[in-house]
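A look at the structure
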There are 2 protein chains.
Amino acid sequence: MRRDLHAVIMAGGRGTRFWPASTRSRPKQFMDLLGAGTLLQNTVARLEGLCPMERILVVTGRDFEREVMSQLPGLPVENLLLEPMPMNTSACIGWAASVLADRGLSGDLMAVLPSDHAVSPPEGFRETLLDACRAADAGWLCTVGVKPDRPATGYGYLEAGGTGDGFMVVSSFREKPDSETAEAFLAGGRHYWNAGIFVWRVETILDEIRRHLPELSDGLKNLGRTTKASTGLYARLPSISIDYGVMEKASRVAMVPARFSWDDVGDWPALRRSGACRGEALLIGSSDCTVWNPGGLTVLMGLERVSVVNSNGVVLVMSDDYAQKLRDVVTGLERDRPELV
Amino acid sequence: MRRDLHAVIMAGGRGTRFWPASTRSRPKQFMDLLGAGTLLQNTVARLEGLCPMERILVVTGRDFEREVMSQLPGLPVENLLLEPMPMNTSACIGWAASVLADRGLSGDLMAVLPSDHAVSPPEGFRETLLDACRAADAGWLCTVGVKPDRPATGYGYLEAGGTGDGFMVVSSFREKPDSETAEAFLAGGRHYWNAGIFVWRVETILDEIRRHLPELSDGLKNLGRTTKASTGLYARLPSISIDYGVMEKASRVAMVPARFSWDDVGDWPALRRSGACRGEALLIGSSDCTVWNPGGLTVLMGLERVSVVNSNGVVLVMSDDYAQKLRDVVTGLERDRPELV
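Residues numbered from 1 in each chain as written. Chains lettered and ligands numbered in written order. Predicted model: local features only at pLDDT ≥ 70, side-chain atom pairs only at ≥ 80, totals over all residues. Heavy atoms only, no water.

1. Remarks on the overall build of chain A
A count of helices and strands for chain A gives 11 helices and 15 strands. Computed over its C-alpha atoms, the radius of gyration of chain A comes to 20 Å, within 12% of the 20 Å expected for a compact globule of 341 residues. Considering only contacts in chain A between residues 6 or more positions apart, those separated by 24 or more positions represent 69%. Once the 37 positive and 42 negative side-chain charges of chain A are each reduced to a mean point, those two points are 3 Å apart. (Helix = DSSP H or I, 4+ residues; strand = E, 2+ residues; numbered from the N terminus. Rg over C-alpha atoms; globule rule 2.2 N^0.38 Å. Contact = heavy atoms within 4.5 Å. Lys, Arg positive; Asp, Glu negative; His and termini not counted. Charge placed at Lys NZ, Arg CZ, Asp CG, Glu CD.)

Now the structure itself:
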């Protein structure tokens, strides 16, 4: 336990890659994808013993206020920040930092956590955060790097340069490499997956935002005192990710290696890696399949690399090669058949 | 209309190849597979103007008595023959012929019709039956042959030898050929699919049964007066198909070519040929797929030659190559999970 550590959980995602199980009104982070609670609840549960509810902030969309309060009944109402619209991670993180600063906690640490990833074991996660706290204490922007076990092309990579005091120094960032580059990263051993987890002092990130995103810094001035941002103020903030907006430009970026296994559970095929499956499944001459059919029996015959989902009145059967196209399909349905999305 | 023509519809099948949409208590012939009524109702509807309900006999299993009466409310109750157990086509046909003979109709004609095939148009079907009646009048056992349009290996074939008066003479039968043979049949032009439709005089088929299946002939003696065969009597009848038991041995077998398109709708992939699909389907990068998801939306992405069925709490996704194995799967489930079959 560190009494000066606050967790900021980003729960504003509107992902469509788990349609039809996830919908507009119930995106991925609010789903029980891996069993034993929703991904958001899993994220909070992992903080047990490290960060009590009083020191957890959740940032989400206005539409999800009820969902979050019902999933996290112990969350103090003043710790729920409601965005009027999605505005990318720089705004979300900057706003949370401003709120903490306004509460007189500028010298404290904040851990920024995605709400929809698969992480285990929780002890390893907490140890890693404590490692990161030590780098943050020394004024670094600290990231968490995951040692790759395959040449994934869908993730961002961190390159570890020199070594600091209990951490590594990040010498470059690389978003979604092609597969040749990913193979080289895997072989080279100096590249880590960017888990999207950050730890820093509140005043450090606010300083860096002031330096690299002055427009955001200005826009945040009147937001520190509210937990319900007005549409007028929030819509004017620049929409940019924290990686592009701050991390790639900052000079003192550290990385601690993850003492846990991690997966961003980005789409239906990814769910397979976490061993998740819903409903009873009978696989005959079939392999590498994802099944999501709660309460039902699913029989697969002669299939490989296929996801089968039965949810909300829709049956989806999708070859893995099409997982990235699901977003376009859902976007098309949002226009033509909004009741299905 | 021929006042001396009776139709015997065989509706005793317990097919499992349309599981999970067809179940033990509702096999294929009782399903609305092609739209516009069940296959059994379609079979009766095709006889309109040729055979009124009073001259239609339906042979089915005891368990299906209610189903048949509810699907064919106009069927006279004395025209429903109830088998205590399935006993193959020779017994079923022999029994129906005995019932007709017992009612003093030995000199009339009977058309034997499967209850679960796709046939269109109905006019062509009726014309074909009338063609067959003329061969039957002359004392022939008349079959209906369908000109093949592909080298199907799952059907029985009839070889047309000489020509009779308005019909062809069948010189040989061939059950399910290998694909090389089927190709040769298709190229040669003398082979026709055996549609399993027969027309003959009642006394002709009873004579032939007496000659080739004397044991069956004996067993039928006490069955002509009943429409509910006793288990004791029926279980003793030989279980053999009419093709093997009589047709292949008989000397005067005729064939008339079908003036209709025909499909035995033998499995889920076959349904595609009849253009049938249930529920709304969205195919993306997909082709040659069967969808059966009544009332729901089905989205297929990146799939070929696959059948997707959502019925009775089960989702089945099956590559065409596995269609023949479905029977084994269902048999296994009958033992382990009878509630699903």
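2. Regarding the interface of chain A and chain B
The partner chain B presents 31 residues to the 31 residues of chain A that form the contact. Each partner contributes to the roughly 2300 Å² buried at the junction of chain A and chain B, and carbon and sulfur atoms together form 69% of this total. Salt-bridge contacts for Glu280(B) lead to Arg337(A); the nearest nitrogen and oxygen are separated by 2.3 Å. Those elements that provide at least two residues to the side of chain A that touches chain B are strand E12 (278-284), strand E13 (287-301), strand E14 (304-311), strand E15 (314-319) and helix H11 (326-336) of chain A. Ranked by residues supplied to the side of chain A that touches chain B, first place goes to E13(A) with seven residues. For the side of chain A that touches chain B, the per-class residue count stands at 20 nonpolar, eight polar and three charged. Note that E13(A) and strand E15 (residues 314-319) of chain B share five bridges and pair parallel. Following the sheet pairing, Thr298(A) is matched in E15(B) by Val315(B). (Buried area = accessible area lost by both parts, 1.4 Å probe. Salt bridge = Lys/Arg side-chain N within 4 Å of Asp/Glu carboxyl O. Nonpolar A, V, L, I, M, F, W, Y, C, P; charged D, E, K, R; others polar. Pairing = 2+ DSSP bridges.)

3. Describing the side chain of Thr60(A)
Residue and element names in this part refer to chain A. Inspection of the secondary structure assignment puts Thr-60 in strand E2 (residues 56-61). Only 2.7 Å separates the side chain of Thr-60 from the backbone oxygen of Ala-11, close enough to count as a polar contact. Once residues lying within four places of it in the same chain are set aside, the contact partners of Thr-60 are Ala-11, Gly-12, Phe-30, Val-68, Leu-80, Leu-81, Leu-82 and Glu-83. (Polar contact = N/O pair within 3.5 Å; in protein donor to acceptor, adjacent residues only side chain to side chain.)

4. Observations concerning the packing of helix H3 (residues 88-102) of chain A against helix H6 (residues 202-212) of chain A
Residues and elements named next belong to chain A. Running from N to C, H3 and H6 point in directions that differ by 130 degrees, and their axes come no closer than 9 Å. One element, H3, and the other, H6, form an angle in the oblique class. For the crossing formed where H3 meets H6, the hand is left-handed. Contacts between H3 and H6 involve Ile-93, Gly-94, Ala-97, Ser-98, Leu-100 and Ala-101 from the former and Val-202, Ile-205, Leu-206 and Ile-209 from the latter. (Axes fitted to C-alpha atoms, helices over the stretch in contact; angles between N-to-C directions. Parallel < 35°, antiparallel > 145°, perpendicular 65-115°, else oblique. Left-handed = near helix turned anticlockwise from the far one by under 90°.)

5. Brief notes about the relation of the copies chain A and chain B
Copies of the same chain, two in number, are related to each other by a rotation about an axis and a translation along it. Placing chain A over chain B gives an RMSD of 0.0 Å and needs a rotation angle of 180 degrees, together with 0.0 Å of translation along the axis. Both copies of the chain, as the preceding transformation shows, are related through a two-fold rotation axis. (Least-squares fit on C-alpha atoms with pLDDT ≥ 70 in both.)

6. A closer look at the side chain of Glu67(A)
Residue and element names in this part refer to chain A. Counting through the fold element by element, Glu-67 comes out in helix H2 (residues 65-71). Among the polar contacts made by the side chain of Glu-67, one reaches the side chain of Arg-26 at a distance of 3.0 Å. Those residues within four positions of Glu-67 in sequence are excluded, and the remaining contacts are Arg-26 and Phe-30.

7. Thoughts on the domain arrangement of chain A
How big an interface is tends to be stated in terms of the accessible area lost upon association of its parts. All names here are of chain A. Considered domain by domain, chain A is made up of domain 1 (5-266) and domain 2 (269-340). Put simply, the middle of domain 1 and the middle of domain 2, counted by C-alpha atoms, are 28 Å apart. Contact with domain 1, which involves 19 residues of that partner, is made by 19 residues of domain 2. Interface area, domain 1 with domain 2, both sides summed: about 1700 Å², of which 59% is carbon and sulfur. Looking only at domain 1, the three residues that lose the most surface to domain 2 are Arg-17, Trp-19 and Pro-20, adding up to 41% of its buried area. Inspection of the region where domain 1 meets domain 2 yields two salt bridges. A salt bridge links Asp-263 to Arg-273; the shortest N-O distance between them is 2.6 Å. Taken together, the connections running from domain 1 to domain 2 amount to seven residue pairs in polar contact (both at pLDDT 80 or more). (Domains from an automatic or database assignment.)

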